[in-house]
Structures are given as C-alpha cells and as structure tokens.
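Each chain, written out:
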Amino acid sequence: MPTLKRSAPTRLLLGLYRTMLRIRRVEERLSALFADGTIPGFIHLSIGQESVPAAITHHLTNSDTVAITHRGHGQALAKGINLDAFLAEMMGRASGICQGRGGSMHIADSSVGMLGANGIVAGGIPIAVGSALAHQLDGQGNIAVPYFGDGAIAEGVFHESLNIASLWNLPCLFVCENNGWGEFSKTDDQFSGSLKKLAATYDMDYQFIDALDVAKLSNLAGRMIKAVRKTSRPAILECKVTRHHGHYEGDPQKYRPEEELNQLGGQDPVSHAYDKLITAGIPVSELTELDRQIQAEIDASVAQAMAADHPQFDQAAAGVYA
Ligand SMILES: Cc1ncc(C[n+]2csc(CCOP(=O)(O)OP(=O)(O)O)c2C)c(N)n1
Ligand SMILES: [Mg+2]
C-alpha cells in the first residue's frame, strides 16, 4: 500500500502517540500483574498522564537527566529504559535494572539519564538540581528535569531547590504534573500559593498547559527546553493532567467525587491523540497494527521477566557500602 505523504505535525503526533500508547499498555499490564500478586509492594499508575513524559522526553537526549516520582513508570519508559529490565525490576527479579532491589518506587537507569524514582514526595527534585549543577560544570549544554506532582509543591525542599537553581543559573526545567490530588487530598487544601507566583519570585519563566493535547504540550516543552539549554536559566512548566486510577493500585477512591470519575473518558490524552490522527487521515488499520506490535513487545518482555530468577539470599548484602 503506498504511504500517503504526511505533514510534519502528523508525523510528530504519531511518534508521540506511540510513546503514550506504549506507556498505557505497559501500565495496563502492570495493573493486571499487580492484581494477581506477580508484582510485590505498591504501585502508582500514571494512566491518563502519559502526555507529559512523552512530550518532554521528545526533546531530551540520553545525556540529559530526569528525576522521576513514585508515579514514574511513564517517565522512565519515555526516557528509554529497557523494557525487559524494567519489567523484571517490577517483579523483583535478579535480571531487573536494579537487580530486583528497587522495584517501582526506586527504579533507576543512569545509562539513559534516569536518576531514579523516589518514594519521598519532592525527594527527586534536589537530586535533579544537583545534576543540573553537574551539567553546568560540564558545559555540554545538557539539562536536568525534575518531575514532581502538585503534592510536592508544599514541601520545603522544593522551595530550596527553586532558590538554588535560580541563584546559580542552573539548566533545570521543573515539570509539575498537576493532577489536583495528593494521595486523598485536594491540592488546594495543601498549598496556599501558586507555581506562577513562585516562578516570579525566583525570576524564572513559567508556563501552564492542559496536557490533554500532547502536540501542543510538545511544542511548548520544546521551546522551553531550548531556552533552558541556551540561557542556563531554570524554568517551571505546570501541566494539568488527570489521574485515571486511584492513588495506588487497589485504592477504592471513596474520596473522589462521582462526577469527576464519570468525566475521565473525556480527559484522556491517548484517545485525544488517536482521534486527531484519524482526522488527519491515518488509517485505523495502521493504529491497530501499532497497538498489536506494542502488545507483542510487552508479551515477550513479561514472559522473560516471569521466567527470570529471584535474587539469591546470599547476595542480599551485595552493593551495600559501610
Ligand atoms: C515527604 C513525604 N510525605 C508524605 C508522603 C506520603 N505520600 C505519598 S504520595 C503522596 C502524595 C503525592 O502527591 P503528588 O505529589 O501530587 O503526586 P501524585 O500522587 O498526585 O502523582 C503522599 C503525601 C511521602 N511519600 N513523602
Ligand atoms: Mg498530585
């Protein structure tokens, strides 16, 4: 079948859609693997929030660094973590990227510039700021991206990080995924200020965007990342997102208004991009085939992880420095 000539925006959207769909399908599988007990511990899914890491990492290289959150599977996958090593880590296997010792909330892969997930709210932010200082000293034009949720904004270390990043002109893009919730509490019940005012206080560029439209988000992120690289001035990008699942998998979400839960379908960046691709003339069959390929990749990765060994008990102290 001859390939129709496609505009640059359509090709861009297709690439972003692929990244988002892959995150979505991986997390749907994680949900099932968690429900049947294959994944130990707690997991926090980013279903509904995929557009942010897809758009941000589109403009990053492996030499740029990101610090990810407890809701960071998408942030890790978009940055390029190997899927086999990622899934094995989720299942606590020895072949996991952290030998099965980290799991969902402490996964890290420095080979792709992913500094690590963090179970401490706002804990990754100063780590990314430290990395931004290293980028500044290296002088190679790389930048650091701390991802954080709205629940991190009221943490003291976030404010200290903004101050140091501004004072020292660090190449750092602070990316807030604002889903309106911090665990079971509304953001507005926890923070009395605004990111916009904080940015003004620390003399940083600040932009707000509804992350439903991944292409718009990518264009904005591209401009901001370019400016951070060029000027080495930090900036804040606040993205409005919608958390489709509970705070953690299994959360019955009794605290969440029924009306909000009923409207989730209209707040889905993956189906939003799908509709735009269809309108742009991409055949349904092509998007179905893309989905099939992603599912096949995940099937193979899950199978290797399930077959992998658990860590040996006599290795428990390996890698512990005292
Ligand atoms: C310093 C600290 N305080 C409290 C907690 C408990 N806790 C875990 S996640 C969370 C809410 C985080 O909200 P947000 O940053 O908005 O991220 P989201 O879960 O919405 O993605 C809290 C309070 C924690 N892990 N660390
Ligand atoms: Mg939140």
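Just above sits the structure.
Note that this is a predicted model, so its numbers are computed, not measured.

## Observations regarding the site of ligand 1
Taken together, 15 residues form the shell around ligand 1, and within it Arg71, Val121, Gly149, Gly151 and Gly182 come nearest. Here the shell around ligand 1 is built from residues that sort into four nonpolar, eight polar and three charged.

## With respect to the pairing of strand 8 (residues 235-240)
Of all six residues making up strand 8, five are buried, and the element is well covered by its neighbours. As judged from the six bridges shared by strand 4 (residues 173-178) and strand 8, these two strands associate in the parallel manner. Within the sheet, the bridge partner assigned to Phe174 lies in strand 8 and is Ile236. Across six bridges, strand 7 (residues 205-210) lies against strand 8 in parallel orientation. Bridge pairing in strand 8 links Gln207 to Leu237.

## What to know about the nonpolar core
Core analysis: the largest hydrophobic core is formed by 78 residues, its most contacted members being Ala128, Val145, Cys172, Leu173 and Val175. For this core, the leading source of residues is helix 1 (residues 8-35), giving nine residues.

## Some thoughts on the sheet that holds strand 8
With parallel pairing, the six strands of this open sheet are ordered in space as 2-1-3-4-8-7. Strands at the two margins of the open sheet, each flanked by one partner only, are strand 2 (114-116) and strand 7. Recorded for the sheet is a direction-independent mean angle of 20° between the axes of neighbouring strands. Where strand 1 (residues 65-67) meets strand 3 (residues 144-149), three bridges bridge the pair, whose relative direction is parallel. From the neighbouring strand, Thr65 faces strand 3, where its bridge partner is Ala144. Helix 5 (residues 124-138) rests against strand 1, strand 2 and strand 3 of the sheet, and its axis sits at about 170° to strand 3. With respect to the sheet, helix 8 (residues 214-231) is in contact with strand 4, strand 7 and strand 8, its orientation differing from that of strand 7 by roughly 165°.

Basis of the calculations
- Position labels on residues start from 1 in each chain and follow its written sequence.
- Here every chain gets a letter starting at A, and every ligand a number starting at 1, in the order they are written.
- Note on the predicted model: pLDDT of at least 70 is required for a residue's local features to be given, and 80 or more for side-chain atom pairs to be given and counted; whole-chain, interface and lining totals, by contrast, use all residues.
- The criterion for a residue being near a molecule or strand is simple: its C-beta atom, placed using the backbone, must lie within 6 Å of it.
- Polar here means any residue other than Ala, Val, Leu, Ile, Met, Phe, Trp, Tyr, Cys and Pro, which are nonpolar, and Asp, Glu, Lys and Arg, which are charged; Gly is therefore polar.
- Exposed residues have 12 or fewer other C-beta atoms within 10 Å of their own C-beta, buried residues have 20 or more, and residues in between are partly exposed; the C-beta atoms are placed from the backbone.
- For helices the rule is a DSSP run of H or I covering at least 4 residues; for strands it is a run of E covering at least 2, with both sets numbered from the N terminus onward.
- Think of it this way: DSSP has to see at least two bridges between two strands before they count as a pair.
- Note on definitions: a nonpolar core is a set of buried residues drawn from Ala, Val, Leu, Ile, Met, Phe, Trp, Tyr and Cys, linked by C-beta atoms within 7 Å.
- Note on geometry: axes are C-alpha line fits, over the in-contact stretch for helices, and angles between N-to-C directions span 0 to 180 degrees.
- Each residue is represented by a C-beta atom placed from its backbone, and any two residues with such atoms within 7 Å are regarded as in contact.

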